[in-house]
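Below are the chains, spelled out letter by letter.
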Protein chains: 2
Amino acid sequence: MPYDPSAFPPFAVTVDLVVLTVRRHALCALAVRRGESPFQGRWALPGGFVRADEDLSQAAARELAEETGLRAHEPDAPAQEGGAHLEQLATYGDPKRDPRMRVVSVAHLALAPDLPAPRAGGDASNARWAPVEELLTQGGYGRDGESVAPLAFDHAQILSDGVERARSKIEYSSLATAFCPPEFTVGELRRVYEAVWGVALDPRNFHRKVTGTPGFLVPTGGTTTRQGGRPAQLFRAGGATLLNPPMLRPEV
Amino acid sequence: MPYDPSAFPPFAVTVDLVVLTVRRHALCALAVRRGESPFQGRWALPGGFVRADEDLSQAAARELAEETGLRAHEPDAPAQEGGAHLEQLATYGDPKRDPRMRVVSVAHLALAPDLPAPRAGGDASNARWAPVEELLTQGGYGRDGESVAPLAFDHAQILSDGVERARSKIEYSSLATAFCPPEFTVGELRRVYEAVWGVALDPRNFHRKVTGTPGFLVPTGGTTTRQGGRPAQLFRAGGATLLNPPMLRPEV
DNA sequence: GATCATAGTCGTCTGCCTGACGATAAACAC
DNA sequence: GTGTTTATCGTCAGGCAGACGACTATGATC
């Protein structure tokens, strides 16, 4: 393999982002509307070129900040206030994935708490949170009657991979707290699991599991009734990032 | 994000391979000696440029075949005869990871049964199977007195990530069978786990676990005494790719 | 203010799985 | 044959998860 600088084909390298959040009890992803050809007018994942002096994770963090205003955390740290979890997902490099030129995209996965509103360079109409189920359903119409064409490029595949990563990773890590505000209740955390997995969990067994795992949750002392009902204890994410034994995803 | 073809910096894209196998009860990786600067004479992971018309997985499979003669399997299929498991690992793109130019490397992980001998374009002296522990130990000397400089580039990091992926993935998948020949005994499979994890497992509990998991192992009817002792049943890998509940890695 | 609906929290019980480990079986080396 | 090695079956206790009962503390409704 001679390393002749004139002997390698040039590639464009981009980062694409799967930004997930939980809104109204549904797992949602950030989508932006393409302003130009190809796939003009279609929804796509946010992303952009990696700059010449930039690491891949830096580029992903920059794109995330541009699209959402969120700051990214280190991959292994538990979610802290106001930031999002960010990790590399996978790389997509089919020669035909972009009809114009050879583009290799390093997809990243970001998990964020529910945010007020998306922003795409200040233009709100070109960015939205959409339920992943809707984005992954080819054709048809969304809740608000908007036509739902398949995502541009291979972004449906990327989104699907990102969702699957999130679904499996909350089993054995404390990553689900990345979807929660800095302080949250056990019930709110349970609703995150329910939204991401699309199943109903037993509140009593879930409570026993998460409060019984050392280092997972630390009580802040406060309580809240923002979900109605009896006041619930508030917790922050503890230092533990790995859940052992894992939280079991119910069978289908 | 305007897609102006003149507005993106050009990258070189390579694939690097973490090829793992189990030899003499130790987890080993394939290393090749670099013939040119930088890092001339140092050991590195096999790899090479992605060609202009080639998918990433195709490039990885091609490099794997060139270095080992192994054919790659589909990522989700269980290991069949004579081939290796191949999956994408992660992508490394630090601007300074190659001192000459901007190179983004899409690392892949390959798991192979024990092979007769490595071949690097027919030149055996420039390729070897080395225990991963040895390759990841900076400085010092290997078993045969050979000096062990750290791997070239960021390949120590890549190898470390690949080993960790393999260690965790055999917990919840049938991937360990990729290290075995087409037909193998329970004891041989157990020795794979022991080598990859670096721990001793109870033969009786291991036997109960793997034979009790439906679809994991299917008996071929034959037996062998190639490990000495009482004849052992021969198995092939069953259709199940996921182990549920997982095989638990003992605490340290 | 009594009643109801909603959530949260604590327990109990049963079954499954794992780790620890005893016992037996079937080959080979001497 | 005796000893060694490896394979395989069984037993038992502890831990954890699923199913579910019971009680608590709020706000909403009449």
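Source: prediction; values computed, not measured.

What follows concerns the pattern of salt bridges. A side chain with one charge may pair with a side chain of the opposite charge, provided their charged atoms come close. Residue and element names in this part refer to chain A. Inspection of the entire model under this criterion finds 30 salt bridges over all chains. Ionic pairing is found between Glu 134 and Arg 128, a salt bridge with its closest N-O pair at 3.3 Å. An identical accessibility class is assigned to Glu 134 and Arg 128; each is buried. Connected through shared salt-bridge partners, Glu 54, Arg 62, Glu 63 and Glu 66 make up one network.

In the vicinity of DNA strand C there are 23 residues, among which Arg 204 and Arg 230 of chain A together with Arg 204, Arg 208 and Lys 209 of chain B approach most closely. Restricting the count to atoms of DNA strand C within 4 Å of the protein gives a sugar and phosphate share of 50%. Here a base nitrogen of DNA strand C sits 3.0 Å away from a polar atom, N or O, in the side chain of Asn 205 of chain B. Elements that contribute at least two residues to the surface near DNA strand C include exactly α4 (186–197), α5 (203–212) and β10 (232–237) of chain A together with α5 (203–212) of chain B. Of the residues that constitute the surface near DNA strand C, the class distribution is 5 nonpolar, 8 polar and 10 charged.

Let us look at the relation of the copies chain B and chain A. At an RMSD of 0.0 Å, chain B and chain A line up after a rotation of 180° and a shift of 0.0 Å along the axis. These values place the two chain copies in the arrangement generated by a two-fold rotation axis. The overlap is high: 95% of the interface residues of chain B also sit at the interface in chain A, so the same surface is used on both sides.

Attention now goes to the pairing of strand β2 (residues 26–33) of chain A. Residue and element names in this part refer to chain A. With 6 of 8 residues buried, β2 is to be regarded as a mostly interior element. For strand β1 (residues 12–23) and β2, the ladder comprises 4 bridges, and the chain directions are antiparallel. Pairing of Arg 23 across the sheet is with Ala 26, part of β2. Between β1 and β2, which pair antiparallel one after the other, the connecting turn spans 2 residues, and Arg 24 there sits at a positive phi close to 50°.

Moving on, we come to the protein's contact with DNA strand D. Not every one of the 24 residues close to DNA strand D is listed here, only the nearest: Arg 204, Arg 208, Lys 209 and Arg 230 of chain A together with Arg 204 of chain B. Counted by atom, the contact set of DNA strand D within 4 Å of the protein is 51% sugar and phosphate. Between DNA strand D and the protein, one listed contact pairs a phosphate oxygen with a side-chain N or O atom of Arg 191 of chain B at 3.4 Å. Within the side chain of Arg 230 of chain B, one N or O atom sits 3.0 Å away from a base nitrogen of DNA strand D. Mapped by element, the contributors of at least two residues to the surface near DNA strand D are α5 of chain A together with α4 (186–197), α5 and β10 (232–237) of chain B. With 4 residues, α5 of chain A is the single largest residue contributor to the surface near DNA strand D.

Cut-off values and rules
- Residues numbered from 1 in each chain as written.
- Chains lettered and ligands numbered in written order.
- Predicted model: local features only at pLDDT ≥ 70, side-chain atom pairs only at ≥ 80, totals over all residues.
- Heavy atoms only, no water.
- Salt bridge = Lys/Arg side-chain N within 4 Å of Asp/Glu carboxyl O.
- Buried < 20%, exposed > 50% of the residue type's maximum accessible area, 1.4 Å probe, protein only.
- Near = heavy atom within 4 Å.
- Polar contact = N/O pair within 3.5 Å; in protein donor to acceptor, adjacent residues only side chain to side chain.
- Helix = DSSP H or I, 4+ residues; strand = E, 2+ residues; numbered from the N terminus.
- Nonpolar A, V, L, I, M, F, W, Y, C, P; charged D, E, K, R; others polar.
- Least-squares fit on C-alpha atoms with pLDDT ≥ 70 in both.
- Contact = heavy atoms within 4.5 Å.
- Pairing = 2+ DSSP bridges.

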